[in-house]
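Single-letter residue listing:
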Amino acid sequence: MRIGLGIAMAAGLAAMLNGCASSLEVQVTGSMKQWDPMTLDLRGPDAEETGEANPFLDYRLSVVFSQGGTRLEVPGYFAADGNAAHTGAGTGNLWRVHFVPSHPGAWQYRVSFRRGPRVAIQQGAEAGEPLTGDGSTGHFEVAANPGARGLLQYAGERYLRFTGSGEYFLKGGADSPENFLAYHGFDGTRSLRPSGGTRPGEAALAPLHRFEPHVADWKERDPDWGDARGKGIVGALNYLASRGTNSVYFLTMNVAGDGQDVWPWTGPEERYRFDCSKLDQWEIVFSHMDRLGILLHVVLSETENESLFEVEEGGQFADSRKLYYRELIARFGHHRALVWNIGEENGWDDRHRETTTEAGRSNTDLQRQSFAAYIRQLDPYGRPIVVHTLPGRYEEIYQPLLGDPNFEGASLQMGDMSQTHAETLRWLERSRTAGRPWVVSLDEIGPADTGVKPDAEDPDHDSVRRHALWGSLMAGGAGVEWYFGYRYPHNDLNLEDWRSRERMWDQTRHALEFFQAHLPFAEMEPADELLSNPDAWCLALRGSVYSIYLGTGGTTRVRLPEGSYRVRWYDPRKGGALQIGSVQELEGGGEPSVGEPPESPSRDWVVLLALRQ
């Protein structure tokens, strides 16, 4: 079984490709359809993870794919024996590239395969010396794939959009556990935290995740590896998808951080050699997320280790960081829905204090911009790049990034979730004014010891639903992810059972279903000023559709242009069909009242006004 390659191509195509590149054995696998990932496997030099010649640093594989005016350079990586997830191999001669074709028809490719000291992070096509197969070419055919969603990308608007279907994306996801990849079934994974090693403001010591309550959610045809080692984490993702959850936030490295149990390297002290079998096992999980429609929110560092590479090596942009970015992009950049997050609570920390350039710009501002530019250069698909930061640091961190062509958004952490609506509005407006509208998401709510409580502690989640969920969406936010505070079971480091917040997943799904089923939300704008109720929020396509959230219940008047408007109500607590309240139709040209909801007038409700044609 070959991991992460999809459906094998026809043998005749394999022969044709090998004939086109006779000096290099190349195999292409995949469905060979537009927007579906395909893989080129190349038989190259023998290498090993810990060999004298470092296969990650001292070799550089990339392939240029072209069709007409389209040209994409895709980085490749050392894949050991090509089946390392199952064999545990760290040696072999298999080198791999993943590619997602954006158009049907004939594609050509050209291989660049170079060797030399630190060539992987060098610029220039001629860096290093050529290996056998460097310059080899080939071609293949891609079939049309009607209905495929394509890749999730920034579209110059406040919502991400799928390139194939054109569908806009609203996320409702899991921010916890941040150490999702600290899973016992991954090779070389262990915790470095000593017993009793809890620091103030973090969760207590926890063993590696097993997600045992979700083993029963694994299905017969789902992926696995080893002796049922993948069932817990794959089953956990199945559960989330069954509740409508479509995003998972996770760190790819927390060395010297809170969990100290996630890293992509052969060891926690290593920075230049990667664990092939572990990363292949991550790929199994990420590919399953693709199948389930779950976005990979890839968080590249946390506040405690954000300057780790530079502290260890010196300088403003360490070579080890460049290699880290390259390896992750090469291995995982092909997934359908993926966001790169420069770092959690990005700052910098006290080990790398800010200095100021002669032009008055912070060096760390320049570093963030340099990191994003480097990722953009390597990522052939231009995936969204965002950054997360602490409450109280928004102005410091976000303001210098406004208008930057390599940043697509803000990943908000709210210490006071009642400010979510106002803060989302602020950064949406400021980014629009700067000429590059951001995608603004709510990715963590405080206090740190609380977040979203378990259903057993807070079964209704009224405050979270009102202030965080609907506060974000009604401001034009791109969605939410839920953080679980350390004072409660199944928290940000030790979560084993996502059913502990099932009612919150359901209420999140209700919100997303309302937006997707009833609103042209990408065309609508915040319009709170149209309402008489100061506690209500409005999202409007003026003269056509108005969505009004009554967070504290009651009613409101709304300023409408002339026309007849149908009035319907939606229950954000229970979801379901639209309902009829005390008023079924309004006449515009004034400020009519929307009336009363069908029941429970002191609870929160959503009013939908639609112009009758």
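Residues numbered from 1 in each chain as written. Predicted model: local features only at pLDDT ≥ 70, side-chain atom pairs only at ≥ 80, totals over all residues. Heavy atoms only, no water.

(A) Structural detail: the overall build of the protein. The secondary structure content of the protein amounts to 11 helices and 26 strands. In summary, the protein has a C-alpha radius of gyration of 25 Å against a globular reference of 25 Å for 613 residues, a match within 12%. Relative to its full complement of 613 residues, the protein shows a buried share of 60%. Considering only intrachain contacts with a sequence separation of at least 6, the fraction spanning at least 24 residues in the protein is 71%. As presented, the protein carries roughly 21800 Å² of accessible surface, and 47% of it is formed by carbon and sulfur atoms. Computed over 60 positive and 85 negative side-chain charges, the inter-centroid distance for the protein is 3 Å. (Helix = DSSP H or I, 4+ residues; strand = E, 2+ residues; numbered from the N terminus. Rg over C-alpha atoms; globule rule 2.2 N^0.38 Å. Buried < 20%, exposed > 50% of the residue type's maximum accessible area, 1.4 Å probe, protein only. Contact = heavy atoms within 4.5 Å. Areas by Shrake-Rupley, 256 points an atom, 1.4 Å probe, with all protein chains shown as cover. Lys, Arg positive; Asp, Glu negative; His and termini not counted. Charge placed at Lys NZ, Arg CZ, Asp CG, Glu CD.)

(B) Structural detail: the pairing of strand β15 (residues 295-299). Judged by how many residues are buried, β15 sits mostly within the fold: 5 of 5 residues are covered. When strand β14 (residues 247-251) meets β15, the two strands line up parallel, connected through 5 bridges. Bridge pairing in β15 links Phe 250 to Val 298. Crossover β14 to β15 through helix α4 (residues 276-292) is right-handed. Both β15 and strand β16 (residues 338-341) contribute to a ladder of 4 bridges, which runs parallel. Looking at the pairing, Leu 296 lines up with Leu 338 of β16. (Pairing = 2+ DSSP bridges. Right-handed = clockwise from strand over helix to strand, strands pointing away.)

(C) Main features of the sheet that holds strand β12 (residues 168-169). With respect to topology, 3 strands assemble into an open sheet ordered β10-β11-β12, the strand pairing being antiparallel. The open sheet has two edge strands, β10 (152-153) and β12, and neither has a second partner. In terms of strand pairing, β10 meets strand β11 (residues 160-162) through 2 bridges, oriented antiparallel. Directly across from Gln 153, in β11, lies its bridge partner Arg 161.

(D) Here's a closer look at the pattern of salt bridges. Enumeration over the complete set of coordinates arrives at 37 salt bridges. Here Glu 408 makes a salt bridge to Arg 376, at a shortest N to O gap of 2.6 Å. Taken together, the positions of Glu 408 in the loop between α8 (394-398) and β18 (409-414) and Arg 376 in helix α7 (residues 363-378) put the pair 32 residues apart, joining distant regions of the chain. On the accessibility criterion, Arg 376 (18% relative accessible area) is buried. Here Asp 506 ties to Arg 509 by a salt bridge, and the two come within 2.8 Å at their closest N and O atoms. (Salt bridge = Lys/Arg side-chain N within 4 Å of Asp/Glu carboxyl O.)

(E) Spotlight on the packing of aromatic side chains. Enumeration over the complete set of coordinates arrives at 48 aromatic pairs. Between the aromatic rings of Phe 180 and Phe 211, the centroid separation amounts to 6.1 Å while the plane-to-plane angle is 40°, which identifies the pairing as tilted. Here Phe 180, found in the loop between β13 (171-174) and α3 (231-242), pairs with Phe 211, found in the loop between β13 and α3; they are 31 residues apart in sequence, far enough to count as distant. By the burial criterion, Phe 180 is buried, and Phe 211 matches it. Pairing Phe 317 with Tyr 374 gives two aromatic rings, centres 5.3 Å apart and planes at 70°, and the pair type is edge-to-face. You can see Phe 317 sitting in the loop between α5 (308-313) and α6 (319-332) and its partner Tyr 374 sitting in helix α7, a full 57 residues away along the chain. In this structure Tyr 374 comes out as buried when scored by relative accessible area, which is 8%. (Phe/Tyr/Trp six-rings, centres within 6.5 Å; stacked < 30°, edge-to-face > 60°.)

(F) Quick look at the sheet that holds strand β6 (residues 91-99). The strand order across the open sheet formed by 4 strands is β1-β2-β6-β5, and the pairing between neighbours is antiparallel. Both edges of this open sheet fall to β1 (25-30) and β5 (77-78), since each of them pairs with a single strand only. In the sheet, β5 pairs with β6 via 2 bridges, with the strands oriented antiparallel. Residue Tyr 77 lies in a different strand from β6, and its bridge partner there is Arg 96.

(G) Expanded view of the packing of α4 against α6. For the pair α4 and α6, the least separation of the axes is 11 Å and the interaxial angle reads 45°. Here α4 is positioned oblique relative to α6, judged by the angle of their axes. Seen from above, α4 lies across α6 with right-handed handedness. Residue-level contacts link Cys 276, Leu 279, Asp 280, Trp 282, Glu 283 and Phe 286 of α4 to Glu 327, Arg 331 and Phe 332 of α6. Tallied by class, the residues present in the contact of α4 with α6 amount to 5 nonpolar, no polar and 4 charged. (Axes fitted to C-alpha atoms, helices over the stretch in contact; angles between N-to-C directions. Parallel < 35°, antiparallel > 145°, perpendicular 65-115°, else oblique. Left-handed = near helix turned anticlockwise from the far one by under 90°. Nonpolar A, V, L, I, M, F, W, Y, C, P; charged D, E, K, R; others polar.)

(H) Representation of α4 within the structure. Between its first and last C-alpha atoms α4 spans 25 Å; for 17 residues at 1.5 Å apiece the expected length is 24 Å, and the two agree. At the exit of α4 stands Gly 293, carrying a positive phi of roughly 80°. (Expected span 1.5 Å × (residues − 1).)

(I) Here's a closer look at the nonpolar core. Counting residues in each nonpolar core, the largest one holds 152 residues, and the members touching the most others are Leu 40, Phe 65, Phe 180, Trp 482, Trp 498 and Phe 515. Broken down by element, this core gets its largest block of residues, 7 residues, from α4. For Leu 40, the residues in contact, after removing those within four places along its chain, are Val 26, Gln 27, Val 28, Val 63, Phe 65, Trp 95, Arg 96, Val 97 and Tyr 109. Leu 531, Cys 538, Val 567 and Trp 569 belong to the second largest nonpolar core, which has 19 residues in total. (Core = buried A, V, L, I, M, F, W, Y, C linked by side-chain atoms within 4.5 Å.)

(J) Examining empty space enclosed by the protein more closely. Following the criterion strictly, the structure yields 4 cavities of 30 Å³ or more and no others. Counted as a void, the largest cavity has a volume near 170 Å³. Lining of the largest cavity is provided by 15 residues; of these, Leu 160, Lys 171, Val 339, Val 439 and Ser 441 occupy positions nearest its centre. Within the residue set of the lining of the largest cavity, elements represented by two or more residues are β15, β18 and β19 (439-445). Among the elements that line the lining of the largest cavity, the one with the most residues is β19, at 3 residues. Classifying every residue of the lining of the largest cavity by side-chain character gives 9 nonpolar, 3 polar and 3 charged. Volume-wise, the second largest cavity comes out at about 80 Å³. Taken together, 13 residues line the second largest cavity, and the ones lying closest to its centre are Pro 55, Phe 56, Tyr 59, Gly 76 and Tyr 77. Secondary-structure elements contributing two or more residues to the lining of the second largest cavity are β3 (59-67), β5 and α6. In the lining of the second largest cavity, the residues fall into 9 nonpolar, 1 polar and 3 charged. (1 Å grid on protein atoms, 1.4 Å probe; cavity = no way out; pocket = protein on both sides within 12 Å on 5 of 7 lines; lining within 4 Å. Points joined across faces, edges and corners; volume = space filled by probe spheres on them.)

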